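The lines below spell out each chain.
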Amino acid sequence: MFHFESLGITLITSFGIDYLLSEFANYLFCVLLLILVTHLKLIDKRYFLFWCFYFLTPFFFNFVLFEPGYMGDQEEYIKQLVQLKTGAFIWNPQGWVLGEDTFNLFKTMRVGISLTFLQFIPMFSFSSVTGLAFTNKILLFILFIFLSKRIEPRWIILFLLIPSLILYTSVSLRDAVVIFFSVFSIIYLIEKKLLLSFIFIALVFLTKIQNGPGYLFLWVVLFVFQAEKSYSRIFFCLLLLAAGVIIFWDTLGPLLNIYRLAFAAEDGFGFRDVQALQIFSGFELILTSLKETLPFLLKPFPWQTSSPLQLVVFLETVALTVLFFVLFFRDKFYLNKTALIVILGFLLSMALHAITVSNLGTLARYRFITFFPFLLGLFYLRELTIKGNHEVKV
C-alpha cells in the first residue's frame, strides 16, 4: 500500500484481492461502455468480442510481465491524478521563474494538463497503480470509433495489436493522451481541416511539447504555403525552416538545451558529459540532427539490449520502420506531395527526440508515441489516394 498522508487515501501497489477487485470493477465498466456503444451502433457488433479481450490487457503487465516499479512514473501519475481530483495538485512547485528549474516546471505543467484531461474520462476506480490503464483503453476505444468512419476496422485492429501500443496503454502512463491528440492532429491535417487540426496540435504542445513542432510544421506548410501544390514550394519550406533555426537560435537554443541536458542528467550522465552535449548554434543543431536521427529510429540495437523485452522492442521497431517506408515507396507513393510533406514532419519530430533523449528505455517510449500517429496517418493518406484514384477511373 502507498499512503497519501495529506489526503487520507491509500493507493493499492501490491498484488492481491483488493487490487483484483479494483481492476475487475474497471474492466466491467469498460465492458458496460462497450455494450452501450454497440447498442447505439457506433461500432459493428462483430468487434464486440475483440474489445472484450482488448480491455483485459492491463491485467497482463503490472505484477505479471513486470513489477509496477519497472515503469516508475505510474505511481507518480496516479498520485497526481488523485491530487487533481481532491484539489491538492500544485501546478508550480518551483515557482513561475524560468531558469535552472524550467525543465521541471514544464514537466509539471504538461503532466498536470494530461491528467486534467484524463480525470474527465469516467472510470470506476483509481485506487490501484493500474487504474489509469483502463482510462487509456477507453481513449483507444474512442480512437477506434473515430477512425472506423475513415479506415476499414480490420486494418485498425491490426494497428491496435502492435505490441508497444498494447504495452504503453496497459499501464498508468500518459502516453495514450499524447497518441490520442496526435492521431486527431494528423488525420485532420490530411483532411485539410484548418481549425480542428490547429486545436489538436495545440493540445499536443500542451501535453508533449517535443511532439508539437512536427505537426505545427505540417500545419504551416499545408495551410500557409499550400506546399502540396509543387515540389518547389516544399523545397522552399525546408530552406525557410533551416534558415529559421539558424536565425532564431538565440531564442530556440536555450529551451532545446534545457531538454537535452536535463534528460542526460536524469539518465545519470556525469557533469562534464552533460555539458559536452550542449549545442551552440543552429548549424550544429542541423548537423547533430542529421547524424543522430537515423540511429534513433532503430535503437536499442541488439548489443545495447539488457533484457528480452528490449530485444523485442528492437525487432518491432525494425518491422514498423520497414512497414512505414514500404507504405511511402510502394507504387511510387513518394511522388505524392502530401505524403512527402508528412514524411518531412515525421523526420522533424524524430530529430527533436533524437537530440534530446538519451536513456534507451525512455527513447523507446518517446519514439513510439511519436512514430505511431505518423504511421497511421501515412496509411490513411494512402487509402484516401487509392480511393480517389479508383473513383477517377470509374
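Computed from a predicted model, the values in this text were never measured in an experiment.

## Let's talk about helix 8 (residues 175-190)
Between the first and last C-alpha of helix 8 there are 23 Å, a value that for 16 residues agrees with the 22 Å anticipated at 1.5 Å per step. Helix 8 sits mainly inside the fold: 16 of its 16 residues count as buried. Where helix 8 ends, the next residue or the one after it, Lys192, has phi of about 60°, a positive value.

## A look at the packing of helix 11 (residues 231-247) against helix 16 (residues 337-354)
Their axes nearest at 10 Å, the elements helix 11 and helix 16 cross at an angle of 15°. Put simply, helix 11 runs roughly parallel to helix 16. Considering the relative orientation of helix 11 and helix 16, their crossing is right-handed. Contact residues: Tyr231, Ile234, Leu238 and Leu241 in helix 11; Lys337, Leu340, Ile341, Leu344 and Leu348 in helix 16. Taken together, the residues of the contact of helix 11 with helix 16 break down into eight nonpolar, no polar and one charged.

## Some details on the packing of aromatic side chains
Tallied over the full model, the rule gives 45 aromatic pairs. Between Phe180 and Phe184, the aromatic rings sit 4.9 Å apart at their centres with planes inclined by 55°, giving tilted as the arrangement. Of the two residues, Phe180 and Phe184 both sit in helix 8, four residues apart, roughly one turn of that helix. The pair formed by Phe180 and Phe184 is uniform in burial state, with each residue classed as buried. Pairwise contacts between aromatic rings join Tyr215, Phe324, Phe325, Phe328, Phe329, Tyr334, Phe346, Phe371 and Phe374 into one cluster. Directly above the ring of Tyr366 sits Lys208, whose terminal nitrogen or CZ lies 3.3 Å from the centroid. Its guanidinium or amino end placed over the ring of Phe333, Arg382 lies 5.3 Å from that ring's centre, counting from NZ or CZ.

## Section: the nonpolar core
Trp51, Leu160, Leu165 and Phe372 are the most contacted members of the largest nonpolar core, which totals 110 residues. A total of 14 residues in this core trace back to one element, the largest contributor, which is helix 17 (residues 360-393). Ignoring sequence-local partners within four residues, the contact set of Trp51 consists of Leu34, Ile43, Lys137, Leu140, Phe141, Phe144 and Leu160. The next biggest cluster of nonpolar side chains, apart from the first, holds seven residues, and it includes Val245, Trp249, Ile279 and Leu285.

## Examining unusual backbone geometry
Of the consecutive residues Lys299 and Pro300, the connecting peptide bond is found in the cis state with omega at 0°. With respect to the secondary-structure elements, Pro300 resides in the loop between helix 14 (282-298) and helix 15 (308-329). Even without glycine at this site, Lys41 takes up a positive phi of about 65°. Residue Phe63 is not a glycine yet carries a positive backbone phi of 70°. For Phe63, the position within the fold is in the loop between helix 2 (48-54) and helix 3 (73-86).

## A short note on the environment of Leu297
In this structure, Leu297 sits in helix 14. Leu297 gets classed as buried once you look at its relative accessible area, which sits at 6%. For Leu297, the residues in contact, after removing those within four places along its chain, are Thr317, Thr321, Phe346, Met350 and Arg367.

The rules behind each value
Residues numbered from 1 in each chain as written. Predicted model: local features only at pLDDT ≥ 70, side-chain atom pairs only at ≥ 80, totals over all residues. Heavy atoms only, no water. Helix = DSSP H or I, 4+ residues; strand = E, 2+ residues; numbered from the N terminus. Expected span 1.5 Å × (residues − 1). Buried < 20%, exposed > 50% of the residue type's maximum accessible area, 1.4 Å probe, protein only. Axes fitted to C-alpha atoms, helices over the stretch in contact; angles between N-to-C directions. Parallel < 35°, antiparallel > 145°, perpendicular 65-115°, else oblique. Left-handed = near helix turned anticlockwise from the far one by under 90°. Contact = heavy atoms within 4.5 Å. Nonpolar A, V, L, I, M, F, W, Y, C, P; charged D, E, K, R; others polar. Phe/Tyr/Trp six-rings, centres within 6.5 Å; stacked < 30°, edge-to-face > 60°. Lys NZ or Arg CZ within 6 Å of the ring centre and 35° of its normal. Core = buried A, V, L, I, M, F, W, Y, C linked by side-chain atoms within 4.5 Å.

Function cannot be inferred from these measures alone, as they are strictly geometric.
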